[in-house]
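# Architecture at a glance
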Amino acid sequence: MKLRVTSLLLVAALALTAAHAAPPSPAQAERVAASFMLALGRAPIAAEAAQWTAEAPVADLIARHRQHLAADAAAKRAVVAKAFADSFGRTATDSEIAADSTVNATYTELMQHHVQWLAANPDAYAKILNRAYQLVIRRDVYPEEIEYWKKKDTQSFTVLVGCIDNWGRRNQPGLMVTAGPAAVSVNCSFLTTVRLSPAVAAEARAAAGLPAVTDATAGTNLLAAGAEKIITDGRMHFAAALKE
């Protein structure tokens, strides 16, 4: 009897150890990373990724993030501040953070709201453009470049930085005036990126409220607010936020 009990306990212990040690599937690891990027504006650290091993769709994972933000004022403030900085290229004031903290929104939802505001405020958008050019290539935006960007959908500071960096690398040396397609690389040094398979990317888009890709051949596979027409190098699917 003792031997049987001991054996059962050993089997249970081994099963528990195996459950804790079992890594998530590649698709689930992508889902977790996507949920952090789209809900919080950052990639998960190793300890966080290890805690989210249970198989679950992106929508459920984002719902868990939303519940956490509703219960943790500091976490919500951090997401509000991150979305503001990623949208406008500057630190939010206390009053700006307080205003955006009245609703329990995810990082992506806040980014969508800010991009819509910029679209309605062209003078403010010109300042965002100038900040992006100053950060990436250390000069003011040219009037011709303001006109270039006005012909395209309004973008957040984050997406602008990625596009300007990509244009600069494609056209060095002797940078002139920004022209050509607006594109972002998954390897942009200014961005934190999470590469996704097409299937998980489609799932994540729907879960975060981002439009679906309408033309699979166009390479417009960036998961970011307002970036439906931004091309990704190699047609890769990835989520991006400004590197902290």
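Residues numbered from 1 in each chain as written. Predicted model: local features only at pLDDT ≥ 70, side-chain atom pairs only at ≥ 80, totals over all residues. Heavy atoms only, no water.

## What about the packing of aromatic side chains?
Considering all chains together, one arrives at four aromatic pairs under this definition. With 4.6 Å between their ring centres and 50 degrees between their planes, F84 and F88 make a pair best called tilted. One end of the pair, F84, and the other, F88, are both in helix α5 (residues 73-88), four residues apart, so they sit about a helical turn from each other. For F84, a relative accessible area of 5% corresponds to the buried category. For F88, a relative accessible area of 9% puts it in the buried group. Judged by centre distance (5.0 Å) and plane angle (85 degrees), the rings of Y148 and W149 are edge-to-face. Pair check on accessibility: Y148 and W149 agree, each one buried. An aromatic cluster of at least three residues, connected via ring pairs, comprises F84, F88 and W117. The lysine or arginine in question, R64, covers the ring of W52, its NZ or CZ lying 3.9 Å from the ring centre. Positioned above the aromatic ring of Y142, the side-chain terminus of R139 is 3.7 Å from the ring centre. (Phe/Tyr/Trp six-rings, centres within 6.5 Å; stacked < 30°, edge-to-face > 60°. Helix = DSSP H or I, 4+ residues; strand = E, 2+ residues; numbered from the N terminus. Buried < 20%, exposed > 50% of the residue type's maximum accessible area, 1.4 Å probe, protein only. Lys NZ or Arg CZ within 6 Å of the ring centre and 35° of its normal.)

## With respect to the pattern of salt bridges
In the structure shown here, the tally under the stated rule is 11 salt bridges. Residue E203 pairs with R31 through a salt bridge whose shortest N-O separation is 3.0 Å. In this pair, E203 is assigned in helix α11 (residues 198-208) and R31 in helix α2 (residues 26-40), connecting sequence segments 172 residues apart. A single salt-bridge network, built from bridges that share partners, covers R31, E55 and E203. (Salt bridge = Lys/Arg side-chain N within 4 Å of Asp/Glu carboxyl O.)

## Here's the deal with the packing of helix α4 (residues 58-71) against α11
At their nearest, the axes of α4 and α11 sit 8 Å apart, and the two run at 40 degrees to each other. In terms of orientation, α4 and α11 fall into the oblique class. α4 and α11 meet at a crossing whose hand is right-handed. Taking contact as the criterion, the partners of V58, A59 and I62 in α4 are, on α11, E203, A204, A207 and A208. Across the contact of α4 with α11, the residue classes break down as six nonpolar, no polar and one charged. (Axes fitted to C-alpha atoms, helices over the stretch in contact; angles between N-to-C directions. Parallel < 35°, antiparallel > 145°, perpendicular 65-115°, else oblique. Left-handed = near helix turned anticlockwise from the far one by under 90°. Contact = heavy atoms within 4.5 Å. Nonpolar A, V, L, I, M, F, W, Y, C, P; charged D, E, K, R; others polar.)

## Examining the confidence of the model for the protein chain
Keep in mind that low pLDDT regions are not for reading the predicted coordinates in detail. Per-chain confidence: the protein chain averages 91 in pLDDT, with 91% of residues scoring 70 or above. Here residues 1-19 is a poorly scored stretch, pLDDT under 50, and it has zero contacts once near neighbours within four places are set aside; other chains count. (pLDDT = per-residue confidence, 0-100.)

## Thoughts on unusual backbone geometry
Of note in the backbone geometry, R138 takes a positive phi value of approximately 60 degrees without being a glycine. By secondary structure assignment, the location of R138 is in the loop between α8 (122-137) and α9 (143-150). Positive phi is not limited to glycine here, since R235 has a value of about 60 degrees.

## Points about α2
Here α2 is 15 residues long and its end C-alpha atoms lie 21 Å apart, about the 21 Å a rise of 1.5 Å per residue gives. When we look at burial in α2, the residues that qualify are Q28, R31, V32, A33, A34, S35, F36, M37, L38, A39 and L40. Immediately downstream of α2, the backbone of G41 shows phi near 80 degrees, a positive value. (Expected span 1.5 Å × (residues − 1).)

## Focus: a nonpolar patch on the surface
On the surface, Y142, M176 and V177 cluster together into a nonpolar patch covering about 280 Å² of accessible area. Of note, Y142 is situated in the loop between α8 and α9. For Y142, a relative accessible area of 32% puts it in the partly exposed group. (Patch = residues over 30% accessible without salt bridge, like charges linked within 9 Å, V, L, I, M, F, W, Y side chains within 5 Å. Areas by Shrake-Rupley, 256 points an atom, 1.4 Å probe, with all protein chains shown as cover.)

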